[in-house]
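Tertiary structure, described
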Amino acid sequence: MAIREKVFSTIVNCFKRHGAETIDTPVFELKETLTGKYGEDSKLIYDLKDQGGELLSLRYDLTVPFARYLAMNKITNIKRYHIAKVYRRDNPAMTRGRYREFYQCDFDIAGQYDPMIPDAECLKIVHEILSELDLGDFRIKVNDRRILDGMFAVCGVPDDKFRTICSTVDKLDKMSWEDVRCEMVKEKGLSEEAADQIGEYVSMQGGQDLAERLLQDPKMSQSKQAVAGLTDMKQLFSFLQLFQVTDKVVFDLSLARGLDYYTGVIYEAILTQTGPIPPPAAAEQNGAGGDEGSVSVGSVAGGGRYDGLVGMFDPKGRKVPCVGVSIGIERVFSILEQKAEASAEKVRTTESQVMVVSAQKNLLEERLKLTAELWNAGIKAEVMYKKNPKLLSQLQHCEDSGIPLVAILGEQELKDGVVKLRTVASRDEVDVPRAELVEEIKKRTSLV
């Protein structure tokens, strides 16, 4: 929890830096609110029924409840963040940060704005958070649903198969192209010729240059949708350049993101670790990707544009364009927890600044009096719950829990109106007049 609190505060600071306010929504929604929004993943929704027989479900993500909230309250523009638990009827895999109950950290911009400006800001936020959390090297893949749909159309995929083929392409980070092709042809009934044409496109990666090249592509240029998506992609990269994040962003035609509600730009951030390739089981779970010699250790953030979702909940069908990003926080926790275990440094689980101790007997009341003075002054202080604790065990507690200062009371100190302040790390001691103790503690702990 100490690691989690630190991560949450980094993320919330970033969201606030970008001008977001926060909202909350209920843990459960009407079942009909959630169904039909997540494509093949809808089977992972937890269903509930209340005593009156009303059909309810636990929220699967924070995006659909957000859209419902906007429509219900007739909000047409807002920049909001929401950190809360979501629920999925999945097979848990603790080592990979996959759980049935887990936190999501979402940031969304709703409103009618000029193209790609909010989208670029969402990518900037991902870049800031991943850089600040210091998780190692990462890459943000970007694509556009319109480019994908245009690509499917020009490759000969029937309209009614777009979504199902899209969710197969989405598995490219976990499966090889051969297996994906096999699923398209054998399970989904796509022609081999169409699958091979898709294969040529989904192997492409690049930046603004790739968007320009595809606009000249004889097949892609025939699709109005693809052209609109590619034009926006060029615009997006020019903003990303101004935000100084193009070093980590790659336009990747294999990125599909399976959720049904995306309508435009989609993106996903993956951590890449260089060095030894993990054992086959780990590689299988996480899917190899990225450059040669680097291994993807799974997605840690994702998002995109969903312009039609709010309209689904509005009685008049009024649309509110939205774009957002979600940080896959459990995976981040797994990585940081492993890092903390590997490093010799102890993680502090409390914020206590000072421990009030005495070396002599019968000073319990004096210790409690001083502790109360410190608490009342807003100092985070502790005291041992024993009448006559040994000085050594009191100092040991400070060592173990990382408390930086010790306030020592004795008969002499009480007579002189001072408190002996000891720095645990250096063992230096100074006498501080009681009236100045609070200021002295504040001064020293602000440096810690």
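Report on the accompanying structure. (Residues numbered from 1 in each chain as written. Predicted model: local features only at pLDDT ≥ 70, side-chain atom pairs only at ≥ 80, totals over all residues. Heavy atoms only, no water.)

**Considering the packing of aromatic side chains**
- Considering all chains together, one arrives at seven aromatic pairs under this definition.
- Taken together, a centroid distance of 5.5 Å and an interplanar angle of 35° make the contact between Phe 15 and Phe 107 tilted. Here the residue Phe 15 occupies a position in helix H1 (residues 2–17), and Phe 107 occupies one in strand S6 (residues 101–110), the gap between them amounting to 92 residues. Both residues of the pair, Phe 15 and Phe 107, count as buried.
- Arg 80 extends its terminal NZ or CZ atom over the ring of Phe 66, reaching a point 4.0 Å from the ring centre. (Phe/Tyr/Trp six-rings, centres within 6.5 Å; stacked < 30°, edge-to-face > 60°. Helix = DSSP H or I, 4+ residues; strand = E, 2+ residues; numbered from the N terminus. Buried < 20%, exposed > 50% of the residue type's maximum accessible area, 1.4 Å probe, protein only. Lys NZ or Arg CZ within 6 Å of the ring centre and 35° of its normal.)

**Overview of the sheet that holds strand S15 (residues 405–409)**
- Strand order in this open sheet of five strands is S14-S13-S15-S16-S17, and the pairing throughout is mixed. What marks the edges here is a single partner per strand, and that holds for strand S14 (381–383) and strand S17 (429–433). With direction set aside, neighbouring strand axes in the sheet form an average angle of 30°.
- Here five bridges tie strand S16 (residues 418–423) to S17, and the two strands are oriented antiparallel to one another. Note on S17: the bridge partner recorded for Val 419 is Val 432.
- Helix H14 (residues 364–376) contacts strand S13 (354–358), S14, S15 and S16 of the sheet and is inclined by roughly 160° relative to S13.
- The sheet strands contacting helix H15 (residues 391–401) are S13, S14, S15 and S16, and the helix crosses S13 at an angle near 175°. (Pairing = 2+ DSSP bridges. Axes fitted to C-alpha atoms, helices over the stretch in contact; angles between N-to-C directions. Contact = heavy atoms within 4.5 Å.)

**With respect to H14**
- With 13 residues, H14 should reach 18 Å at 1.5 Å per residue; the first-to-last C-alpha distance of 18 Å fits that figure.
- Of all the positions in H14, only Arg 367, Leu 370, Thr 371 and Leu 374 are classed as buried. Buried residues along H14 cover an arc of 105° about the axis, so they all sit on one side. Projecting away from the buried face of H14 at angles above 90 degrees are the exposed residues Glu 365 and Asn 376.
- Within two residues after H14, Gly 378 carries a phi angle of roughly 85°, on the positive side. (Expected span 1.5 Å × (residues − 1). Arc of directions from axis to C-beta.)

**Structural notes on the pattern of salt bridges**
- Under the criterion given, the structure shown has 32 salt bridges.
- For Lys 79, the salt bridge identified is with Glu 121, shortest N-O distance 3.5 Å. With Lys 79 in strand S5 (residues 78–87) and Glu 121 in helix H4 (residues 117–133), this pair connects stretches of sequence that are 42 residues apart.
- By relative accessible area, which is 24% here, Lys 79 ends up partly exposed. (Salt bridge = Lys/Arg side-chain N within 4 Å of Asp/Glu carboxyl O.)

**Topic: the nonpolar core**
- Met 151, Phe 152, Ile 198 and Phe 251 are the most contacted members of the largest nonpolar core, which has 101 residues in total.
- When residues of this core are assigned to their parent elements, the largest contribution, eight residues, is made by H4.
- If you look at the next biggest cluster of nonpolar residues, it comprises 14 residues, including Val 354, Val 356, Ala 381 and Ala 407. (Core = buried A, V, L, I, M, F, W, Y, C linked by side-chain atoms within 4.5 Å.)

Spatial relationships are all this shows, so hold off on functional conclusions.
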